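Residues per chain are reported as follows:
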Amino acid sequence: MFLKKVAIAGAIAGLMGSAAYADCGPSGKSVRILGSDFPAIQAVAGQAEMNCSSGAGEFTINLRDNTRDMMNQALTPNPAEYTSVIVANSTLTQLMNDDLVRPLNDLVEKYGQNLQPHQLITIDGNVMAVAFMANSQHLFTRTDILEQAGVEGVPTSVEEMVAAAEKIRAAGIMEHPIAMNMKVGWNVGEMFNLFYFAQGGELFKPGSAEPNVNNAQGVAALNSLKSLLEYTHPDHLSHASNETQALWEAGQAAMAIMWGSRGGAVLDDEGSTEQVTANTLLSAAPTAGGGAVPAATLWWDGITIAKNIPDEDAEATFAALVSGLNADLMVEHNDKAIWLIDGFQPGPAAAGVAATAGSGAKPYPMIPFVNLMHNALGSELVDFYKGDESAEDALADVEAAYRTAAKEAGFLQ
Amino acid sequence: MKHRTFFWFILPTLSAMILFIALPIVSVFVQSLFVEHEQVLVVSESCGPFGCTETTSIDAEATAALRAESPLGRFNGLGTYFDRSHLAIAEVGEIWGESTGLASFLSGLMDLKFYKALFFTLTYTFVVTPLVLILGLAVAVGVNNLPKALRGIAIFISLLPFLVATIVGSMILSWMLDGEGIIGATLQILFNDPSLSIKASTPLMWIALMVYGVWHTLPFSFITFYAGLQTVPQDTLEAARVDGASKWQTMMNVVVPHLMPLVSFVTLMLLMDNFRVFEPIISFQAEAHAQSLSTFIVSDLREAGNPLYASAGATSILTIIGVAILLTPVLIRTWRDFNAKSH
């Protein structure tokens, strides 16, 4: 839905011819960017550097793993270590909890001519971030293997996935046809979110920080997950994105719930064989328990500007980063992400995220205490997956662990 | 040595220790007594690429005002130490009340993460420490009995596990043990069971972690004992031989007693290190099966995004107390030996 809008706007902008020169704001200022290291962010930061580094007093880019572990510390001093951090839904919350990013309304007005309204992340009327790409989990399938096992069409629900997996196993093609990111910690928590949201669950009681996972939807979510885990590699509790992508590229899985941002890397001509890439199909995340909402959370990645820096540095940083977010970026980098930018042409790698967003998946919640819940889920559900505890007991443990942390953080009394 | 001279000798070390070890520990303890201010939340509308929703956020100004008033947060006393993530006094009481016997009490206790981690950490410590002591001594005696020409190369090879960074060594072993790795896959073929997985089984994972722990710390005890062996008085050994003692008797009655002070030293170091086991758990991706107090500290400080300082502080202090309790018997023994010698 939103992709179509982007594509049409892009076509119009393409006809009109995009801006030929970049407005980099005040010259001689310092631009220091921090972000996660993946191709889309490399492209955005690289474009900003190409456009604006010649006029800047200082221009540094630091892309690394686990930026969320250090971004708050990096932005706390005055002046902050970085002038911009590239964030996602959950990390924007983390920065806003400590009041480390500034509202961008005036800067958007001055430099945001190329931005689409849906790129602006506004909270209470303040633009706090400018999104440039979307991401979500969705289904990857190997059409050749499904066909070989006699499965018709692409599974659209967990129940169909399980049936297909059983056929593949029974046909002796693969013992473990399903791959999912189930590594203990963040990934275990996130997988629960997917299926809990698909069941219509809410993590918190409305209007409060009280936990709300120990209920029928929570149990149903866990049971959906467990039915899939029957068919995953026995090491699944140590599998995160890198491991599942490797399994997929090695041709050892036939159905996977993985991140849309991995789509490009799976479909490219590196790390895998022609047989795998040619037969990999990206489609919407599966529904569960007869519901209509796909089991996925929608994410965006976007730009923030630090609060504790001189206004002119902030202006130069914003201008530089925004100068790259236009149709020109799409010429070379179209397939690196599901861009929210003007001029994006959705390709096969974007099909899964587009279908998932189109069928009503929920965005990952931006709530100040959601990280605490996510952590509690990530550590306390493991006993259930290992078979040591019932779903109800595990969910009760999650609520107790969350309450302990939320009391310490001042969200609960 | 005169007390005065001793004081001036020790002063630089002592001040560095106070500045960089003692004071930070005091600071950690103080921080563990406080929790965050009550958060001031505002509900507002938030919009983005996926539509608009009602959302909660923190009122930055009100929070800043609260922080300026009392920067440490709200005083919570020892509350954090007794909460569910740590000693869990209330929960333990409840489990005790509900349990039907020791077995059900223990299984209830294992549901609390602190006690579960403590159980693993203590098992690890008490399995790895004696094995490293005994095997280290055995390797040292073996190397010591080699012809001189071979000793250099033997020492180098024996030290290798220690030279490899913990995180790298354990990651290599972790990949080998993986279901797709050389050891994991071989085991699956040998036992003809495609779902056999070391990483999916708690007992196998524990064994793997302990084997790694022994492999990695063995060189430390080996090299210490090897150095000690060079100081065994030759005339005592000769006297033993003249008296007709066998090799084993010489070993047990001359060499080992001579090395006893080193044994105490190595035991102290191993107990401290093993109780804080951390890197192997991370590189083996074993968090599903084994946690230690150190992994909790890291997850409180990093995974939470906005760190839980009180919780991490309390776990740190509890770790120090745990190490102190473990070391007490060894320290008492050393003190007694010292007193016995000086009289």
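Residues numbered from 1 in each chain as written. Chains lettered and ligands numbered in written order. Predicted model: local features only at pLDDT ≥ 70, side-chain atom pairs only at ≥ 80, totals over all residues.

Before going further, it helps to examine the overall build of chain A. Helix and strand counts for chain A come out as 18 helices and eleven strands. The globule rule puts the C-alpha radius of gyration for 413 residues at 22 Å, and the 22 Å found for chain A is close to it. Here the C-alpha coordinates of chain A stretch approximately 65 × 55 × 30 Å along the principal axes. Within chain A, the proportion of its 413 residues that are buried is 60%. A fraction of 76% describes how many contacts in chain A between residues 6 or more apart in sequence connect residues 24 or more apart. (Helix = DSSP H or I, 4+ residues; strand = E, 2+ residues; numbered from the N terminus. Rg over C-alpha atoms; globule rule 2.2 N^0.38 Å. Buried ≥ 20, exposed ≤ 12 C-beta atoms within 10 Å, placed from the backbone. Contact = placed C-beta atoms within 7 Å.)

Let's shift gears to helix α8 (residues 166-177) of chain B. All names here are of chain B. Across its twelve residues, α8 extends 16 Å between first and last C-alpha, which sits within 8% of the 16 Å expected from 1.5 Å per residue. Among the residues of α8, Gly169, Ser170, Leu173, Ser174 and Leu177 are the ones counted as buried. Down the axis of α8, the sector holding all buried residues measures 135 degrees, keeping them to one side. (Expected span 1.5 Å × (residues − 1). Arc of directions from axis to C-beta.)

Let us now look at the packing of helix α2 (residues 39-52) of chain A against helix α13 (residues 311-323) of chain A. Residue and element names in this part refer to chain A. Relative to each other, α2 and α13 sit at 110 degrees, their axes nearing to 7 Å. By the angle between their axes, α2 is roughly perpendicular relative to α13. Here α2 runs over α13; the crossing is right-handed. On α13, the residues that touch Val44, Ala48, Asn51 and Cys52 of α2 are Ala320, Leu321 and Ser323. (Axes fitted to C-alpha atoms, helices over the stretch in contact; angles between N-to-C directions. Parallel < 35°, antiparallel > 145°, perpendicular 65-115°, else oblique. Left-handed = near helix turned anticlockwise from the far one by under 90°.)

Here we take up the interface of chain A and chain B. Contact residues are listed per partner, giving 48 residues for chain A and 42 residues for chain B. Broken down by secondary-structure element, the contributors of at least two residues to the side of chain A that touches chain B are α4 (89-97), β4 (120-123), β5 (126-142), β9 (297-305), α16 (370-380) and α18 (391-408) of chain A. Here the element with the most residues in the side of chain A that touches chain B is α18(A); it accounts for six residues. Residue classes in the side of chain A that touches chain B are distributed as 24 nonpolar, 13 polar and eleven charged. Direction of pairing for β4(A) relative to strand β2 (residues 41-48) of chain B: antiparallel, over a ladder of two bridges. Residue pairing for β2(B): A:Ile123 is matched across the bridge by B:Ser46. (Nonpolar A, V, L, I, M, F, W, Y, C, P; charged D, E, K, R; others polar. Pairing = 2+ DSSP bridges.)

Looking now at the confidence of the model for chain B. Residues and elements named next belong to chain B. Summary statistics for chain B give a mean pLDDT of 90 and a share of 99% for residues scoring 70 or more. Of all helices and strands in chain B, the one with the weakest mean pLDDT is strand β3 (residues 51-58) (85), whereas helix α6 (residues 113-144) scores best (95). For this predicted complex, the interface confidence reaches an ipTM of 0.87, while the overall pTM sits at 0.88. (pLDDT = per-residue confidence, 0-100.)

Here we come to unusual backbone geometry. Of note, the amide linkage connecting A:Asn78 to A:Pro79 takes the cis form, showing an omega dihedral of 5 degrees. Its place among the elements puts A:Pro79 in the loop between α3 (71-75) and β3 (84-88). The residue A:Asn66 is not glycine, and still its phi comes out positive at about 55 degrees. Within the fold, A:Asn66 resides in the loop between β2 (58-64) and α3. Assessed through the 10 C-beta atoms surrounding it within 10 Å, A:Asn66 is described here as exposed. Phi is positive for B:Ala88, close to 50 degrees, though the residue is something other than glycine.

On average, residues of chain A carry a pLDDT of 90, and 95% of them reach 70 or more. Here residues 9-20 of chain A scores under 50 on pLDDT; set against residues more than four positions off or in separate chains, the count is 18 contacts.

A few words now on the domain arrangement of chain A. Residue and element names in this part refer to chain A. Split by domain assignment, chain A resolves into domain 1 (2-135 + 298-346) and domain 2 (136-297 + 361-408). Between the C-alpha centres of domain 1 and domain 2 there is a distance of 30 Å. Listed as interface residues are 14 residues of domain 1 and, on the opposing side, 16 residues of domain 2. For the side of domain 1 that touches domain 2, the elements supplying multiple residues, two or more each, are α4 and β9. Looking at the side of domain 1 that touches domain 2, the element that brings in the most residues is α4, giving six residues. Here the residues of the side of domain 1 that touches domain 2 are counted per class, giving six nonpolar, six polar and two charged. (Domains from an automatic or database assignment.)

Bringing the environment of B:Leu106 into the picture now. Residue placement: B:Leu106 occurs in helix α5 (residues 102-109). Counting along the chain gives ten residues from B:Leu106 to B:Trp96, while the straight-line C-alpha distance between them is 9.1 Å.

The next thing to look at is the pairing of β4(A). Residues and elements named next belong to chain A. Here β4 shows two buried faces, one formed by Leu120 and Thr122 and the other by Ile121 and Ile123. Relative to β5, β4 runs antiparallel, the two sharing four bridges. What sits directly across from Ile123, in β5, is Asn126. Counting the residues that bridge the hairpin from β4 to β5 gives two residues, and of these Asp124 lies at a positive phi of roughly 55 degrees.

Another point: the nonpolar core. Among soluble globular proteins, nonpolar side chains are generally buried collectively. Ranked by internal contacts, the top residues of the largest apolar core, which has 197 residues, are A:Phe132, A:Ile178, A:Phe195, A:Ala256 and B:Leu209. Excluding residues within four positions of it along the chain, A:Phe195 makes contact with A:Ala221, A:Ser224, A:Leu225, A:Ala288 and A:Ala295. (Core = buried A, V, L, I, M, F, W, Y, C linked by C-beta atoms within 7 Å.)

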